[in-house]
Amino acid sequence: PARTTSTENDQQLAAQMKKKANETNNLKLLVQKEKKLNKAARSIDVKKLCFPILSENYIRELTFGVYQIKQAKSYTSEHLDQNGNYMFQFVLMLPNLIQIRLQSRFASKKIHNIYIEFVRQTSNRNNQQLEPIKSWYCDCKAGARVVGTCAHVASVLWYLGVAIHDPEMLKERKCDKFMSLCQDASDS
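Residues numbered from 1 in each chain as written. Predicted model: local features only at pLDDT ≥ 70, side-chain atom pairs only at ≥ 80, totals over all residues. Heavy atoms only, no water.

Student: Just to check I follow, could you spell out the environment of Arg-101 for this structure?
Tutor: With respect to the helices and strands, the residue Arg-101 is situated in strand 2 (residues 97–103). Here Arg-101 falls in the partly exposed class, since its relative accessible area comes to 33%. Separated by 12 residues in sequence, Arg-101 and Asn-113 have C-alpha atoms that sit 4.8 Å apart. Setting aside its immediate chain neighbours within four residues, Arg-101 contacts Phe-88, Gln-89, Ile-111, His-112 and Asn-113. Side chain to side chain, Arg-101 and Asn-113 meet in a polar contact 3.1 Å long. (Helix = DSSP H or I, 4+ residues; strand = E, 2+ residues; numbered from the N terminus. Buried < 20%, exposed > 50% of the residue type's maximum accessible area, 1.4 Å probe, protein only. Contact = heavy atoms within 4.5 Å. Polar contact = N/O pair within 3.5 Å; in protein donor to acceptor, adjacent residues only side chain to side chain.)

Student: Please explain the sheet that holds strand 1 (residues 89–94) as it appears in this structure.
Tutor: Strands pair in a sheet through their backbones, by hydrogen bonds, and they do so in one of two ways: parallel or antiparallel. Taken in spatial order, the 4 strands line up as 1-2-3-4 in an open sheet, and their pairing is antiparallel. The sheet terminates laterally at strand 1 and strand 4 (133–138), the two strands that pair on one side only. Looking at each pair of strands side by side, their axes are set apart by 20 degrees on average, direction ignored. The pairing of strand 2 with strand 3 (residues 111–118) spans 7 bridges and is antiparallel. Residue pairing across strands places Leu-97 opposite Glu-117, the latter belonging to strand 3. (Pairing = 2+ DSSP bridges. Axes fitted to C-alpha atoms, helices over the stretch in contact; angles between N-to-C directions.)

Student: In this structure, what is going on with the pairing of strand 2? I would like to understand it.
Tutor: Sheet faces and side chains relate simply in a regular strand, where the side chains alternate between the two faces. A large share of strand 2 lies buried, amounting to 5 of its 7 residues. One ladder, built from 5 bridges, connects strand 1 with strand 2; its direction is antiparallel. When the bridges of strand 2 are listed, Val-91 appears paired with Gln-99. The turn joining strand 1 and strand 2, which pair antiparallel and follow one another in sequence, is formed by 2 residues.

Student: Would you mind going over unusual backbone geometry with me for this structure?
Tutor: When glycine is set aside, most residues are seen to have a negative phi, and most peptide bonds are trans. Residue Cys-50 is not a glycine yet carries a positive backbone phi of 65 degrees. Tracing the chain through its elements places Cys-50 in the loop between helix 3 (36–40) and helix 4 (56–63). Take Cys-50: its relative accessible area is 31%, and that puts it in the partly exposed class.

This is the structure:
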């Protein structure tokens with residue numbers, strides 16, 4: 001049998017995960033405590049949001065691996081309309097806190113509420129923040145964790161931080177690839 005060996009990166013990753021595991025999801029507490037946040041919410045054009053530009057590597061570090069990135073891409077593609085627009089309800093609650101209402105992939109009547117606190121992107125590129133995403137919370141079963149994110153949060157981060165800046169990423173959808181391989185039975 002093959003043996004795996006630990007690397008220095010694995011040790012650092014484990015240490016980061018242990019540190020995070022002891023943290024409390026303060027955004028979850030704020031959302032649950034401050035019901036008035038929803039009353040102050042207003043819709044806004046995504047382009048005016050000043051959401052930070054993220055790299056897939058940064059999201060991979062937030063999620064502690066590639067699995068959630070793959071899930072994020074898949075989840076995003078399932079929520080795109082014919083024009084490549086992400087179908088979600090989006091609300092700016094505070095200047096740096098957004099709420100996204102996203103329909104579940106599995107239950108058509110289930111809506112997930114996702115909250116993301118971020119540092120607004122400025123036009124000054126020298127003012128790049130080391131941690132552009134401050135906190136997140138989703139009301140799904142796995143959404144309150146602070147070690148990594150759920151697929152809903154990862155999907156929104158990937159769309160707003162990465163894909164929206166490179167529309168080519170949204171063009172090739174797996175379902176489109178598979179459909180091109182199918183042959184209509186009536187043509188035979």
